[in-house]
Amino acid sequence: MQPCHDLIERLEKAGQSHLLNFFEQLPEEEQSRYIAELEALDLDLLQELIAACVLKKPVIGLPEDLQPAPYFPLIPRNEAEADRYQQADAVGEELLRGGKVAALTVAGGQGSRLGFDGPKGTYPIAPVSGKSLFQYFAESLLSASRKYSVKLHWYIMTSVVNDAATRAFFAENDFFGMDSEQVHFFTQGFMPAIGYDGKLLMASRGSLALSPDGHGGTLLALRKSGMLDDMKKHGIEFLSYFQVDNPLVPVVDKRFIGLHKLENSEMSAITLAKTNAHEKVGNFCIGNGKLLVIEYSDLPDELANATDENGNLKFIAGSPAIHVISRSFIERLTVGGRLDLDWHRADKKIKCIDSDGNALDVTEPNGVKLESFIFDALKLADKTMIFEADRKEEFAPTKNATGVDSVESCRLMLSERDARRLERCGVEIPRNADGSLNAKIEISPLSIWDDEDCAAYVAKHNIKAVEAGSVNYFV
């Protein structure tokens, strides 16, 4: 087998003919697979990116008129805003009951940072039952489906690395009670790693060094996988987007969805009040008339530390990567099979081979990985909206094994959230002198979706108090 003349010509024109140096040494089966890998490359785009992001380091230029982004506050500031929120609740519930909303989860990562061998979504996170992240979300969606008398669809973006394992996990667990037709898997796109000389790196003599194209690639992957067509077929107009490492997130939030619709927003975002000026989250800003997310590392100290007349941070609105996105917006952005989001450069130690085909011992960064971020789509929207949420109720990322944003902190926050819910329903909860929880508590999402469900559950089971130091699983 030989590569077609057109492929050879395109690789030569792009300065990447080295990718065929070992082609004749490959078994025929591997040749076929490798040709498909090379054919999938967008060489015109890669040439642009190499010139702009690899051969020189892109300069982060911030708009001169950068200002904090306005948002709807968690607690309404006046009667008109309170009325708007009530209207949003009604609209959001109507959309949910009408089957117009689906969940979208980004789940392409592995659990390696948690010391776990497998897709991150399969990690056991629940504080008492040990349910996995995927099971926790599935049961939340089942509970919401029951609440709104609808079968909610769930779209899950995997990666080439974990797609098969993720699908098998769901099949082995009978989709956690969901119908298999409700759960839709699609695979994230990849970008080739690039050496500092602009040459694409090879992982072996018959494969490129590939890396995921970032969560911004979700939008294009929806188009290429046929998921947008599937959504249209099911009448789905809005997507509730969240990342797999945050089990505290409401899988669907009627108020957030309703505000998105009422504001005619194409892409909306949840914001959380930052814990400090330099918290490692993106900052919602307005620049050149567009909503932007500026990375914490790119926001100048004088802006990060700026305060208002009350001593509060001006740039207080942080991004936890929770969105509502209109399907029509994704269709508009990806028409023609290409998505024009910004590409972000990361200098990495990349496993690859040298010009003789031997594996390199990589001890220092030797190339660039490029990825796109979904929040960059906000500035492409005609209309956007930001809504504030309570960090304690919606954000407990599981990024590390211990410490900040860890398995430990996530489990504690899940217990604390469930304890507060019981307290609001009149249950006495044991607390230490500093106010921290003195018990382990988990409420099954299958049993309780919201405070109304909790009140009915507490009354039915005649729950008065939780014993100090006890372990409790309400199911």
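Here's what I pulled together on the structure shown here.

Conventions we followed
- Residues numbered from 1 in each chain as written.
- Predicted model: local features only at pLDDT ≥ 70, side-chain atom pairs only at ≥ 80, totals over all residues.
- Heavy atoms only, no water.
- Helix = DSSP H or I, 4+ residues; strand = E, 2+ residues; numbered from the N terminus.
- Rg over C-alpha atoms; globule rule 2.2 N^0.38 Å.
- Buried < 20%, exposed > 50% of the residue type's maximum accessible area, 1.4 Å probe, protein only.
- Contact = heavy atoms within 4.5 Å.
- Areas by Shrake-Rupley, 256 points an atom, 1.4 Å probe, with all protein chains shown as cover.
- Lys, Arg positive; Asp, Glu negative; His and termini not counted.
- Charge placed at Lys NZ, Arg CZ, Asp CG, Glu CD.
- Salt bridge = Lys/Arg side-chain N within 4 Å of Asp/Glu carboxyl O.
- Pairing = 2+ DSSP bridges.
- Phe/Tyr/Trp six-rings, centres within 6.5 Å; stacked < 30°, edge-to-face > 60°.
- Polar contact = N/O pair within 3.5 Å; in protein donor to acceptor, adjacent residues only side chain to side chain.
- Core = buried A, V, L, I, M, F, W, Y, C linked by side-chain atoms within 4.5 Å.
- Right-handed = clockwise from strand over helix to strand, strands pointing away.
- Axes fitted to C-alpha atoms, helices over the stretch in contact; angles between N-to-C directions.
- Parallel < 35°, antiparallel > 145°, perpendicular 65-115°, else oblique.
- Left-handed = near helix turned anticlockwise from the far one by under 90°.

**Considerations on the overall build of the chain**
The helix and strand tally for the chain stands at 14 helices and 20 strands. Computed over the C-alpha atoms, the radius of gyration of the chain is 24 Å, within 12% of the 23 Å expected from 2.2 N^0.38 for a compact globule of 475 residues. Projected onto its principal axes, the C-alpha positions of the chain cover 75 × 55 × 45 Å. Residues classed as buried in the chain amount to 53% of the 475 residues present. Intrachain contacts of the chain at a sequence separation of at least 6 include 75% that bridge at least 24 residues. On the chain, roughly 21600 Å² of surface is accessible, and the fraction owed to carbon and sulfur atoms is 49%. One finds the centroid of the 51 positive side-chain charges in the chain at a distance of 2 Å from the centroid of its 71 negative side-chain charges.

**A few points about the side chain of Thr218**
Mapped onto the fold, Thr218 is located in helix 7 (residues 217-224). Apart from the residues lying within four places of it in its own chain, the contact partners of Thr218 are Leu104, Val106, Met157, Phe186, Tyr241 and Ile374.

**Things to note about unusual backbone geometry**
Located in the positive-phi region is Asp174, a residue other than glycine, with phi close to 50°. Relative to the helices and strands, Asp174 resides in the loop between helix 6 (163-172) and strand 4 (183-187). Even without being glycine, Asn288 reaches a positive phi, approximately 55°. Mapped onto the fold, Asn288 is located in the loop between strand 12 (282-287) and strand 13 (290-294). Residue Asn288 is classed as exposed on the basis of its relative accessible area of 61%.

**What about the pattern of salt bridges?**
Under the criterion given, the structure shown has 34 salt bridges. With its nearest N and O atoms 3.6 Å apart, the salt bridge here joins Arg146 to Asp453. Of this pair, Arg146 sits in helix 5 (residues 133-148) while Asp453 sits in helix 14 (residues 451-461), and the two are 307 residues apart along the sequence. According to the relative accessible area criterion, Asp453 is buried, its value standing at 15%.

**Details of the sheet that holds strand 17 (residues 367-371)**
Pairing within the open sheet is antiparallel, and its 3 strands lie in the order 6-17-16. Sheet topology places strand 6 (194-195) and strand 16 (344-348) at the edges, where each strand pairs with a single neighbour.

**Remarks on the packing of aromatic side chains**
In the structure shown here, the tally under the stated rule is 14 aromatic pairs. An angle of 85° between the planes, with centres 5.2 Å apart, marks the rings of Phe116 and Tyr123 as edge-to-face. Accessibility expressed as a relative area gives 12% for Tyr123, which makes it buried. With 5.0 Å between their ring centres and 50° between their planes, Phe137 and Phe242 make a pair best called tilted. Pair noted here: Phe137 is in helix 5 and Phe242 is in strand 10 (residues 238-243), with a separation of 105 residues, a long-range link. Note on accessibility: Phe137 and Phe242 belong to one class, buried. Among the aromatic residues, those joined into a cluster by ring pairs are Phe134, Trp154, Phe169, Phe170, Phe175, Phe176 and Phe185.

**Here's the deal with the environment of Lys274**
Tracing the sequence through the fold places Lys274 in the loop between strand 11 (267-273) and strand 12. Note on Lys274: relative accessible area 6%, which makes it buried. Those residues within four positions of Lys274 in sequence are excluded, and the remaining contacts are Glu279, Val281, Asn283, Phe315, Ile316, Ala317, Gly318 and Arg391. Reaching out from Lys274, the side chain makes a polar contact with the backbone oxygen of Ala277 at a distance of 3.2 Å. Side-chain polar atoms of Lys274 contact the side chain of Asn283, separated by 2.6 Å.

**With respect to the nonpolar core**
Formed by 57 residues in total, the largest nonpolar core has its most connected members in Phe134, Trp154, Phe170 and Val252. Considering every element that reaches this core, the biggest residue donor is helix 5, with 9 residues. Beyond its immediate chain neighbours, meaning those up to four positions away, Phe134 contacts Ala107, Gly121, Thr122, Trp154, Ile156, Thr166, Phe169, Phe170, Phe176 and Val244. In this structure, Leu104, Leu219, Leu222 and Leu291 belong to the second largest nonpolar core, which totals 36 residues.

**Some details on the pairing of strand 20 (residues 471-474)**
Only one face of strand 20 is buried, namely the one carrying Asn472 and Phe474, since none of Val471 and Tyr473 on the opposite face is buried. Taken together, the 4 bridges between strand 19 (residues 440-443) and strand 20 define a ladder with parallel strand orientation. Looking across to strand 20, one finds that Glu442 is bridged to Tyr473. Tracing the backbone out of strand 19, into helix 14 and back to the parallel element strand 20 gives a crossover that is left-handed.

**A short note on the packing of helix 13 (residues 407-424) against helix 14**
Two elements in contact, helix 13 and helix 14, have axes separated by 9 Å at closest approach and are oriented at 65°. Taken together, the axes of helix 13 and helix 14 are roughly perpendicular relative to one another. Handedness of the helix 13/helix 14 crossing: right-handed. Taking contact as the criterion, the partners of Arg421, Leu422 and Arg424 in helix 13 are, on helix 14, Asp451, Cys454 and Val458.

**Remarks on the environment of Val466**
Along the chain, the position of Val466 falls in the loop between helix 14 and strand 20. Separated by 47 residues in the primary sequence, Val466 and Ala419 have C-alpha atoms spaced 9.2 Å apart.

**Observations concerning the side chain of Ser240**
As for its position among the elements, Ser240 is in strand 10. Residue classification places Ser240 among the buried positions, given a relative accessible area of 7%. Sequence-distant contacts of Ser240, that is, excluding residues within four places in its chain, are made with Ala102, Ala103, Leu104, Pro250, Val251, Val252 and His323.

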